[in-house]
Amino acid sequence: MLTPEEWTAVRLSLQVAFWATVWSLPPGILVAFILSRLHFPGRGLFDGLIHLPLVLPRVVVGYLLLLLLGARGTFGFYLNEWFGIRLIFSTAGATVAAAVVSFPLTVNAIRLSLDAVDKGLETAARTLGASRLDVFFSITLPLMLPGILSGTLISLASALGEFGATITFVSNVEGVTRTIPLAIYSATSMPDGDDIALRLTIVSIVLALGALLLAEFADRRIRVVLGRI
Amino acid sequence: MIEIDVALTRSTSFKLEARFTAPDRGVTALFGRSGAGKSTIIYMVAGTVRPDRGRIQIGDAVFFDAATRTELPMEQRRVGYVFQDSRLFPHMKVETNLRYGERRAKEKRISFDAVVGMLGIGHLLSRRPHTLSGGERQRVAIGRALLAQPRLLLMDEPLAALDEQRKAEILPYLERLRDELKLPILYVSHSLEEVLRLSDMIVAMADGGVVAAGSVSQVMSRPEMLPIVGRFDLGTILDCTVKAHDPDFALSTLAFADGELRVPLVDLPLGTPARARIRSRDVALSLSRPMDVSVTNRLAGTVADIRREEGPYADVGVDLGHAVLRSLVTKESVARLALEPGMPVWVMIKAVAVDSRSPLFDAPAPGATLPEPANPPKVSPPQTPSLRLVGADTPSRGNG
């Protein structure tokens, strides 16, 4: 089976992917809502900025994170000065890198489902005495569930596979930032690393397949509840 | 009192300027062709469209007043809005849908059990909206609107998306609603049949303005209604009561202010109000008392006015004492009989003509059942106690 170092990489990967997803979901829903429902000057630019990590090379994203959040970065300096938070060479930094890279994908998935929510239902809810916030939580959010689910899975998958931004921003530190992709990368440059790389590859495939099956199951349940089947 | 005085300019092609008042009880129909602005009025009352200027007041509640910059938020207006497409929440069961507005209402005058009983939806409570038929869905939507404890009901073509059979299924429920609730109902429709059957008052609209407003019998004989209902549907509405039945000849006698009408047997108990619709084209005139003619109904009156219209038509109003009956004849007949306002005339109405066109009598008789392909619901008006308006201090009761 796996060696302790490999287990560490798997655990670290799951941990990073989990927290990256958890932290990016609420802002993802908010940004999706803004892009789907609000019209304001500069909306196009905002949309572009959100999607930038998707089209930039990952190494560039990592380097930008370093410039912004590194120890001497624009925000990183104050982050350290005021809160004592250091992101580089840390698991938290790896989580940030994974979250930033997967964010546009999460937003897109949620936004698609939000676009599909019938605004007539929201109007109906308001005439029945529900405030805007009440309508969001009682009508809009439940009807967005398929999109939130697929957003979550896309976020998890993309965070599990994140490589370029992570290695550029927080480097490849065993037990701290060395997730599965980084561990495989390291293994391929070691003389006897082929077995490690192969085992971690199998773990990756199992994780991805499991996530897909789970998604399929959950999606079906949600659709039944929403009356779409 | 419902007071509406609104103006809205959407584009060069759509301008709305409407002003009318409606009573606190009964059904006021907003009637007109599509694009006349009927629905826009409803949107403004509900709060989804803001008028450019004007005022909307329902009872003591000012919903909108441009002069004082008052605009009540949608959720505080308490309008029970029934949409054409029901708009039930797909992720909730029927019962949760019904209780959505009820849970958010402060006072609970209309009880859950009463609404469920009145609409006959007790057997649907645990179902999901997508498993319901169109008619069932619309009944649940009406119940949901009622349970939000509204101060008025807004119904925007609630039957338009349904086929004839479903319409017939729902109409009796709407009549119960009208008769048993002390709620004003604004009812948008382009169907003359529905309007004549349900409404007490008509606000006729065309091109974003009010063409005529008043009681059904007043409005329907107005010349302004011609473009809205068309020449062959224009006529007189007489509010009658059922006076006698003659089973031998299968005829009924309806009494109205100026006399009686014999019509084909009406399946309504004696003493019940009935609305007789007499199309102008079914009314003939005679200078002398018609003796040996087959026409059953002969009434004496005086010519009130003569409107000479395009083509061969002349629309003659005959004053019967209280009601004015309209008769569509040819200009040639007017000339031949030398008709003038003030002349005494006899009007002749074939009994058969009153019957077949009168929407009131097309209704399924009470107790009749209609075939229903799936999940046969009770079509006859349900045998439940009439809707109770419980006191505000009475807590709402459990599920049905």
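Predicted model only: the values in this text are computed from it and were never measured.

S.K.: Would you take a moment to explain the overall build of chain B for this structure?
M.R.: Scanning chain B for helices and strands turns up 11 helices and 20 strands. Counted over contacts in chain B with a minimum sequence separation of 6, partners at least 24 positions apart contribute 67%. Split by element, the accessible area of chain B, about 17400 Å² in all, is 51% carbon and sulfur.

S.K.: Help me out: how do you make sense of the UniProt feature "transmembrane region" (unreviewed entry) in chain A in this one?
M.R.: All names here are of chain A. The UniProt record marks residues 12-36, 48-71, 83-105, 135-160 and 196-218 with the feature "transmembrane region" (unreviewed entry), using the residue numbering of this structure. In the segment residues 12-36, helix accounts for 100% and strand for 0%; the C-alpha atoms at its two ends are 34 Å apart. Within residues 196-218, the helical portion is 100% and the strand portion 0%, while the C-alpha atoms at the span's ends are 33 Å from each other.

S.K.: I would appreciate a short explanation of the pairing of strand S15 (residues 273-279) of chain B in the present structure.
M.R.: Regular strands place their side chains on alternate faces of the sheet. All names here are of chain B. S15 sits mainly inside the fold: six of its seven residues count as buried. Relative to S15, strand S12 (residues 235-246) is paired through seven bridges, and the arrangement is antiparallel. Residue pairing across strands places Ile 237 opposite Arg 277, the latter belonging to S15.

S.K.: I tried to follow the pattern of salt bridges on my own but got confused; where do I start?
M.R.: In total, this model carries 31 salt bridges over all chains according to the counting rule given. The salt bridge partner of Arg 58 of chain A is Glu 162 of chain A, with a shortest N-O separation of 3.4 Å. Taken as a pair, Arg 58 of chain A in helix H3 (residues 58-69) and Glu 162 of chain A in the loop between helix H7 (132-160) and helix H8 (164-169) lie far apart in primary sequence, 104 residues in all. Overall, Glu 162 of chain A belongs to the buried group, its relative accessible area being 2%. Across the salt bridge formed by Asp 134 of chain A and Arg 104 of chain B, the nearest N and O atoms sit 2.6 Å from each other. In this pair, Asp 134 of chain A sits in helix H7 while Arg 104 of chain B sits in helix H2 (residues 94-104), so the two residues belong to two different chains.

S.K.: Can you walk me through helix H9 (residues 180-188) of chain A in this structure?
M.R.: Given 3.6 residues per turn, any residue in an α-helix points the same way as the ones three and four places further on. All names here are of chain A. The buried count for H9 comes to seven of nine residues, which makes it a mostly enclosed element. Listed in full, the buried residues belonging to H9 are Ile 180, Pro 181, Leu 182, Ala 183, Ile 184, Ser 186 and Ala 187. Of the surrounding elements, those touching the buried residues of H9 are helix H1 (4-37), H7, H8 and helix H10 (194-225).

S.K.: Just checking my understanding: could you explain the UniProt feature "domain: ABC transporter" (unreviewed entry) in chain B for this structure?
M.R.: The feature "domain: ABC transporter" (unreviewed entry), as annotated in UniProt, sits at residues 1-232 of chain B in this numbering. A distance of 34 Å separates the end C-alpha atoms of residues 1-232 of chain B, which is 32% helix and 27% strand.

S.K.: Please clarify how the interface of chain A and chain B should be interpreted in this entry.
M.R.: By a widespread convention, an interface's size corresponds to the accessible area lost as its parts come together. The interface is formed by 22 residues belonging to chain A together with 21 residues belonging to chain B. Both faces considered, chain A and chain B share a buried interface measuring about 1900 Å² in area, 65% of it formed by carbon and sulfur atoms. Looking at the side of chain A facing chain B, the largest losses of area belong to Arg 126, Thr 127 and Leu 128 of chain A, adding up to 35% of the total buried there. There are two salt bridges connecting chain A and chain B. Our count for the chain A to chain B interface comes out at five residue pairs in polar contact (both at pLDDT 80 or more). Elements with a contribution of two residues or more to the side of chain A that touches chain B: helix H6 (119-127) and H7 of chain A.

S.K.: Explanation requested: the domain arrangement of chain B in the structure shown.
M.R.: Residue and element names in this part refer to chain B. Each assigned domain of chain B is listed here: domain 1 (2-229) and domain 2 (235-352). Computed over C-alpha atoms only, the centres of domain 1 and domain 2 are separated by 34 Å. On the domain 2 side, the residues contacting the 13 residues of domain 1 number eight residues. Among the ionic pairs, Arg 277 bridges to Glu 193, the shortest N-O distance being 3.7 Å. Summed over the shared surface of domain 1 and domain 2, the number is two residue pairs in polar contact (both at pLDDT 80 or more). Along the lines of polarity and charge, the residues of the side of domain 1 that touches domain 2 split into seven nonpolar, three polar and three charged.

S.K.: I'm lost on the confidence of the model for chain B in this one. Help?
M.R.: Detailed reading of predicted coordinates is not advised where the pLDDT is low. All names here are of chain B. In this model, chain B carries an average pLDDT of 83, and 88% of its residues clear a pLDDT of 70 or more. Put simply, helix H11 (residues 359-362) is where chain B has its lowest mean pLDDT, 38, and H2 is where it has its highest, 95. In this model, residues 355-400 is a region of pLDDT below 50 whose contacts with residues beyond four sequence positions or in other chains number 94 contacts.

S.K.: Would you mind going over unusual backbone geometry with me for this structure?
M.R.: With glycine set apart, most residues show a phi of negative sign, and most peptide bonds adopt trans. All names here are of chain B. The phi torsion at Arg 87 lies on the positive side, around 55 degrees, for a residue other than glycine. Inspection of the secondary structure assignment puts Arg 87 in the loop between strand S7 (79-82) and H2. Unusually for a residue other than glycine, Asp 207 sits at a positive phi of about 50 degrees. With respect to the element layout, Asp 207 can be found in the loop between strand S10 (201-206) and strand S11 (209-215). With a relative accessible area of 73%, Asp 207 lands in the exposed category.

S.K.: Can you walk me through the side chain of Ser 138 of chain A in this structure?
M.R.: On the secondary structure map, Ser 138 of chain A appears in helix H7. On the accessibility criterion, Ser 138 of chain A (13% relative accessible area) is buried. One polar contact links the side chain of Ser 138 of chain A to the main-chain carbonyl oxygen of Asp 134 of chain A, over a distance of 2.8 Å. Each residue touching Ser 138 of chain A, except ones within four places of it in the same chain, is listed here: His 91, Met 92, Tyr 100 and Arg 104 of chain B.

S.K.: What exactly am I supposed to notice about the pairing of strand S3 (residues 26-31) of chain B here?
M.R.: Residue and element names in this part refer to chain B. Most of S3 sits inside the fold, with six of its six residues counted as buried. Of the two faces of S3, the one carrying Gly 26, Thr 28 and Leu 30 and the one carrying Val 27, Ala 29 and Phe 31 are both buried. Two elements, S3 and strand S9 (residues 184-189), share six bridges in a ladder whose sense is parallel. Considered in S9, the bridge of Val 27 is made with Ile 185. Across four bridges, the pairing between S3 and S10 is parallel. The partner of Ala 29 across the bridge, within S10, is Ile 202.

S.K.: What exactly am I supposed to notice about the nonpolar core here?
M.R.: Soluble globular proteins tend to bury their nonpolar side chains together. Core analysis: the largest hydrophobic core is formed by 59 residues, its most contacted members being Ile 139 of chain A together with Ile 4, Ile 41, Val 45, Ile 56, Phe 89 and Leu 154 of chain B. In terms of residue count, H7 of chain A provides more of this core than any other element does, six residues in total. If we skip the residues at most four places from it in the chain, Leu 154 of chain B touches Ile 42, Val 45, Ala 46, Val 79, Gly 80, Tyr 81, Val 82 and Leu 186 of chain B. By size, the runner-up hydrophobic cluster in this structure holds 35 residues, among which are Val 94, Ile 121, Leu 132 and Leu 183 of chain B.

About the thresholds
Residues numbered from 1 in each chain as written. Chains lettered and ligands numbered in written order. Predicted model: local features only at pLDDT ≥ 70, side-chain atom pairs only at ≥ 80, totals over all residues. Heavy atoms only, no water. Helix = DSSP H or I, 4+ residues; strand = E, 2+ residues; numbered from the N terminus. Contact = heavy atoms within 4.5 Å. Areas by Shrake-Rupley, 256 points an atom, 1.4 Å probe, with all protein chains shown as cover. UniProt positions renumbered as here; feature names shortened; annotations may be inferred. Buried < 20%, exposed > 50% of the residue type's maximum accessible area, 1.4 Å probe, protein only. Pairing = 2+ DSSP bridges. Salt bridge = Lys/Arg side-chain N within 4 Å of Asp/Glu carboxyl O. Buried area = accessible area lost by both parts, 1.4 Å probe. Polar contact = N/O pair within 3.5 Å; in protein donor to acceptor, adjacent residues only side chain to side chain. Domains from an automatic or database assignment. Nonpolar A, V, L, I, M, F, W, Y, C, P; charged D, E, K, R; others polar. pLDDT = per-residue confidence, 0-100. Core = buried A, V, L, I, M, F, W, Y, C linked by side-chain atoms within 4.5 Å.

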